[in-house]
Amino acid sequence: MISFLDLKKINQEYRDELIEACSRVIDSGYYIQSRECNLFEEEFSSYCGVEHTIGVGSGLDALKLIIRGYKELGIFNKDSEIIVPANTYIASILAISDSGLKPILVEPNIDTYLLDVSKIESSITPKTEAILVVHLYGMVSQIDKILDIAKKYNLKVIEDSAQSHGAYFKDRRCGNLGDASGFSFYPTKNLGALGDGGAVTTNDSKLADTIRALGNYGSKKKYEHIYIGVNSRLDEIQASMLRVKLRYLDREIEHRRDIANYYLNNIKNKNKNIILPKVEERKSHVWHLFVIRSERRDELYSYLLSHNIQTVIHYPIAPHKQMAYSKLNGLNLPITQRLAKEVISLPISSIQTIDDTKKVVEVLNGFS
Ligand SMILES: *Cc1c(COP(=O)(O)O)cnc(C)c1O
């Protein structure tokens, strides 16, 4: 079986270093908000080219805390609307609605899967305060055009970089492209911890300060609470794991690119049964997922499985069709709905061999 993602094997590669890091934390006697977290924050800031990193409990928390932060600073209020791509993972949308704000779902471009920039302006109202861009599957959104629109309407640009650690737009990395960015270190992500973790990056010192306090019970000074905060912190063990894995991230991304290029160059889409992703800048994509489309997606899924190739659907039900968002169920978003029926993610990882990749391509090219 060619598995979709073999996490055990990925982490075993760094076993000795991970154990050493873990021992260091055990022996330090400090387990929350200490040396490892501080050092990871510095190292991740320098990786992204950004001034501040704040370690938090998860990717969802990172996005939630950015929005809460802007609320505390008086920039967003309870009636604010935030524009977000309709085909994203549910967390991007939860982050908005959890803060009591209104998500405005905008269709993606069917070929790139990213927010369709031409549809943003018609969704802007006097209540719109931000655009939450999602660098879905590891490809950076058309950030230059999005920043132009944001400037014109005085909107914040929040990046959801949960799938795109290390991706570039021109010479800048994601996390440093908008006003603030949320990262996830969930184990399956390109930079994955061995548990939950997340971070906010920003160049805005006021926002950074506010978020740091919000995630620590709303407190800047022990037992003095400025905000009704939450508990969302990156613990020392996870920070130490991430420090090890950050050192290998660029190497891992290069490997993912090799796999993706092999797919792009060798998958034949005769009969239009298979449609490859459209990639404008191959160099900057970090290939968290390799997502193709087919009108016969469910058939393709079973066919691949019968040839011992495991695939995953990201995502089978669009957020606006979820029970949790019953109020949005009536929305008509044809591209998003079509993508939910047609997308399928092929195996890709930092340890996948070219032999396995060749096998996937051979089987895929035999689908008729
Ligand atoms: C994984 C993910 C998140 C949430 O991250 P968690 O760490 O699981 O909370 C948010 N947005 C996107 C696009 C994701 O893929």
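Residues numbered from 1 in each chain as written. Predicted model: local features only at pLDDT ≥ 70, side-chain atom pairs only at ≥ 80, totals over all residues. Heavy atoms only, no water.

K.L.:
Whenever I open this one, the pairing of strand S12 (residues 290–293) confuses me. Can you help?
P.N.:
Every other side chain in a regular strand lies on the same face of the sheet, so the side chains alternate between the two faces. In S12, alternate side chains face the same way, and those of Phe290 and Ile292 on one face and Val291 and Arg293 on the other are all buried. By the bridge criterion, four bridges tie S12 to strand S13 (residues 343–346) in an arrangement that is antiparallel. The partner of Phe290 across the bridge, within S13, is Leu346. (Buried < 20%, exposed > 50% of the residue type's maximum accessible area, 1.4 Å probe, protein only. Helix = DSSP H or I, 4+ residues; strand = E, 2+ residues; numbered from the N terminus. Pairing = 2+ DSSP bridges.)

K.L.:
Explain a nonpolar patch on the surface to me, please; I cannot follow it from the model alone.
P.N.:
On the surface, a cluster of nonpolar side chains totalling about 290 Å² of accessible area is made up of Met1, Tyr301 and Leu305. Considering the arrangement of structural elements, one finds Tyr301 in helix H10 (residues 297–306). Tyr301 sits in the partly exposed class, given a relative accessible area of 31%. (Patch = residues over 30% accessible without salt bridge, like charges linked within 9 Å, V, L, I, M, F, W, Y side chains within 5 Å. Areas by Shrake-Rupley, 256 points an atom, 1.4 Å probe, with all protein chains shown as cover. Salt bridge = Lys/Arg side-chain N within 4 Å of Asp/Glu carboxyl O.)

K.L.:
What is the right way to look at the site of the ligand in this model?
P.N.:
Near the ligand, the surroundings consist of Ser58, Gly59, Leu60, Tyr89, Ala91, Val134, Asp160, Ala162, Gln163, Ser184, Tyr186 and Lys189. In this structure, an oxygen atom belonging to the ligand sits 2.8 Å away from a main-chain N or O atom of Leu60. Gln163 places a polar side-chain atom, nitrogen or oxygen, 2.8 Å from an oxygen atom of the ligand. Contact with the protein chains removes 90% of the 380 Å² of surface that the ligand exposes when unbound. Here the residues of the shell around the ligand are counted per class, giving six nonpolar, four polar and two charged. (Near = heavy atom within 4 Å. Polar contact = N/O pair within 3.5 Å; in protein donor to acceptor, adjacent residues only side chain to side chain. Nonpolar A, V, L, I, M, F, W, Y, C, P; charged D, E, K, R; others polar.)

K.L.:
What am I meant to see in helix H7 (residues 205–214) here?
P.N.:
For an α-helix, 3.6 residues make a turn, and residues three or four places apart therefore share a direction. Of all the residues in H7, the buried ones are Leu207, Ala208, Thr210, Ile211, Ala213 and Leu214. Structurally, H7 contributes buried residues whose contacts are with strand S1 (52–56), helix H4 (59–72), strand S8 (180–184), strand S9 (198–202) and strand S10 (219–221). Sitting at the amino-terminal end of H7 is Asp204, which places a side-chain oxygen 3.1 Å from the backbone nitrogen of Lys206. (Contact = heavy atoms within 4.5 Å.)

K.L.:
Would you mind showing me how to read the sheet that holds S8 here?
P.N.:
Paired through backbone hydrogen bonds, the strands of a sheet run either parallel or antiparallel to each other. The sheet built from seven strands is open, its strands ordered S1-S9-S8-S5-S4-S2-S3 with mixed pairing. Because the sheet does not close on itself, it has two edges, and the strands there are S1 and strand S3 (102–106). Each strand axis lies, on average, 20° off the axis of its neighbour in the sheet, ignoring direction. Here S8 pairs with S9 via five bridges, running antiparallel. (Axes fitted to C-alpha atoms, helices over the stretch in contact; angles between N-to-C directions.)

K.L.:
Honestly, the packing of aromatic side chains in this entry has me stumped. Any pointers?
P.N.:
Each aromatic ring pair is specified by the distance between its two centres and by the angle formed by the two planes. The full count for this structure, using the stated rule, is twelve aromatic pairs. Taking 5.4 Å as the distance between ring centres and 20° as the angle between the ring planes, the aromatic pair formed by Phe40 and Phe44 counts as stacked. In this pair, Phe40 and Phe44 are both assigned in helix H3 (residues 35–48), four residues apart and thus about one turn of the helix distant. Across this residue pair, the class does not change: Phe40 and Phe44 are buried. Consider the rings of Phe44 and Phe183, whose centres lie 4.9 Å apart with planes at 90°: the pair is edge-to-face. One end of the pair, Phe44, is in helix H3; the other, Phe183, is in strand S8, and 139 residues separate them in sequence. The exposure class assigned to Phe183 is buried, which follows from its relative accessible area of 0%. These aromatic residues form a ring-pair network of at least three members: Phe40, Phe44, Tyr47, Phe183 and Phe185. (Phe/Tyr/Trp six-rings, centres within 6.5 Å; stacked < 30°, edge-to-face > 60°.)

K.L.:
Help me out: how do you make sense of the pairing of S8 in this one?
P.N.:
Among the five residues that make up S8, five are buried, leaving the element largely enclosed by the rest of the structure. Sheet topology places strand S5 (residues 156–160) next to S8; three bridges connect them, and they run parallel. By the bridge assignment, Asp160 is partnered in S8 with Gly182.

K.L.:
Explanation requested: the nonpolar core in the structure shown.
P.N.:
If you look at soluble globular proteins, the nonpolar side chains tend to sit buried side by side. If you look at the biggest cluster of nonpolar residues, it comprises 67 residues, and the most contacted ones within it are Ile158, Phe290, Leu300 and Leu304. Residue contributions to this core peak at six residues, all from H4. Residues in contact with Leu304, not counting those within four places in the same chain, are Ile309, Thr311, Ile344, Leu346, Val363 and Leu364. Core analysis: the second largest hydrophobic core is formed by 38 residues, Ala150, Leu155, Leu177 and Phe183 among them. (Core = buried A, V, L, I, M, F, W, Y, C linked by side-chain atoms within 4.5 Å.)

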